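Okay, here's what each chain looks like letter by letter:
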Amino acid sequence: FRIRNGMLGEGYSSKLSPWLATGCISARRIWREVKRYETQRIRNKSTYWLVFELTWRDFFHYMGLSQGNKIFAPGGVVGDQTPWWGSQA
């Protein structure tokens, strides 16, 4: 796979989502273990993408905490009122 959108199927999941979502394990702990693995064994595409996805997960988590329901508003967190292309509004 060259991009994350090409990672389809059961074999491309870390299976960590339920454990992260319920607080049984932290993204920081996973990150630390990935770095340890890379030091002791090998750095590869899988470890890169796992850290990449954890970073995006944290970004959206903290964006949601800081901005609340504004992330779902039509204008987003900045209140952009630019009409959609072709909109009749």
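Source: prediction; values computed, not measured.

Asks: Is there a simple way to think about the packing of helix α2 (residues 27–40) against helix α3 (residues 45–67) in this case?
Replies: For any two helices packed against each other, one specifies the crossing angle of their axes together with the interaxial distance. The contact between α2 and α3 brings their axes to 10 Å, and the two run at 160°. One element, α2, and the other, α3, form an angle in the roughly antiparallel class. In this structure, α2 meets α3 at a crossing whose hand is left-handed. For the pair α2 and α3, the contacting residues are Ala-27, Ile-30, Trp-31, Val-34, Tyr-37 and Glu-38 in the first and Thr-47, Tyr-48, Leu-50, Val-51, Leu-54 and Asp-58 in the second. Of the residues belonging to the contact of α2 with α3, the class tally is nine nonpolar, one polar and two charged.

Asks: So what exactly am I meant to see when it comes to the nonpolar core here?
Replies: The tendency in soluble globular proteins is for nonpolar side chains to be buried side by side. Ranked by size, the top nonpolar core spans six residues in total: Leu-20, Ala-27, Ile-30, Val-34, Val-51 and Leu-54. Elements with a minimum of two residues in this core: α2 and α3. With three residues, the single largest contributor to this core is α2. Those residues within four positions of Ala-27 in sequence are excluded, and the remaining contacts are Leu-20, Leu-54 and Asp-58.

Asks: What should I look at first to understand the packing of aromatic side chains in this one?
Replies: The description of two aromatic rings rests on the distance between their centres and on the angle between their planes. With the rule as written, the count across this model stands at six aromatic pairs. Relative to Phe-60, the ring of Trp-56 lies with its centre 5.5 Å away and its plane at 25°, an arrangement referred to as stacked. Taken together, the positions of Trp-56 and Phe-60, both in helix α3 and four residues apart, correspond to about one turn of that helix. By relative accessible area, which is 38% here, Trp-56 ends up partly exposed. Three or more aromatic residues joined by ring pairs form one cluster here, namely Tyr-48, Trp-49 and Phe-52.

The rules behind these values
- Every chain begins its residue count from 1, and numbering advances along the sequence as written.
- Given that the model is predicted, a residue must reach a pLDDT of at least 70 before its local features are reported, and side-chain atom pairs must reach 80 or more before they are shown or counted; all residues, however, enter totals for whole chains, interfaces and linings.
- To get the side-chain values, take all heavy atoms of the structure and skip hydrogens and water.
- As a rule, the C-alpha atoms of each element are fitted with a line to give its axis, helices using only the stretch in contact, and angles between N-to-C directions run from 0 to 180 degrees.
- To qualify as a helix, a DSSP run of H or I must reach at least 4 residues; to qualify as a strand, a run of E must reach at least 2; elements of each kind are numbered from the N terminus.
- Relative orientations are named as follows: roughly parallel for angles under 35 degrees, roughly antiparallel for angles over 145 degrees, roughly perpendicular for angles from 65 to 115 degrees, and oblique for any other angle.
- Crossing chirality is assigned from the near helix's rotation relative to the far helix, an anticlockwise turn below a right angle marking it left-handed and a clockwise turn marking it right-handed.
- Only heavy atoms matter for contacts: two residues are in contact if any of them lie within 4.5 Å across the pair.
- Residues were grouped as follows: Ala, Val, Leu, Ile, Met, Phe, Trp, Tyr, Cys and Pro as nonpolar; Asp, Glu, Lys and Arg as charged; and all remaining residues, including Gly, as polar.
- Only buried Ala, Val, Leu, Ile, Met, Phe, Trp, Tyr and Cys residues count toward a nonpolar core, and they belong to the same one when joined by side-chain atoms within 4.5 Å.
- Buried means the residue's accessible area, taken with a 1.4 Å probe over protein chains only, is under 20% of the maximum for its type, while exposed means over 50%, and partly exposed covers the values in between.
- Here the aromatic set is Phe, Tyr and Trp, taking the six-membered ring for Trp, and pairing holds for ring centres within 6.5 Å; pairs whose planes are under 30 degrees apart are stacked, those over 60 apart are edge-to-face, and all others are tilted.

Scope: geometric values only; no functional claims are made or implied.
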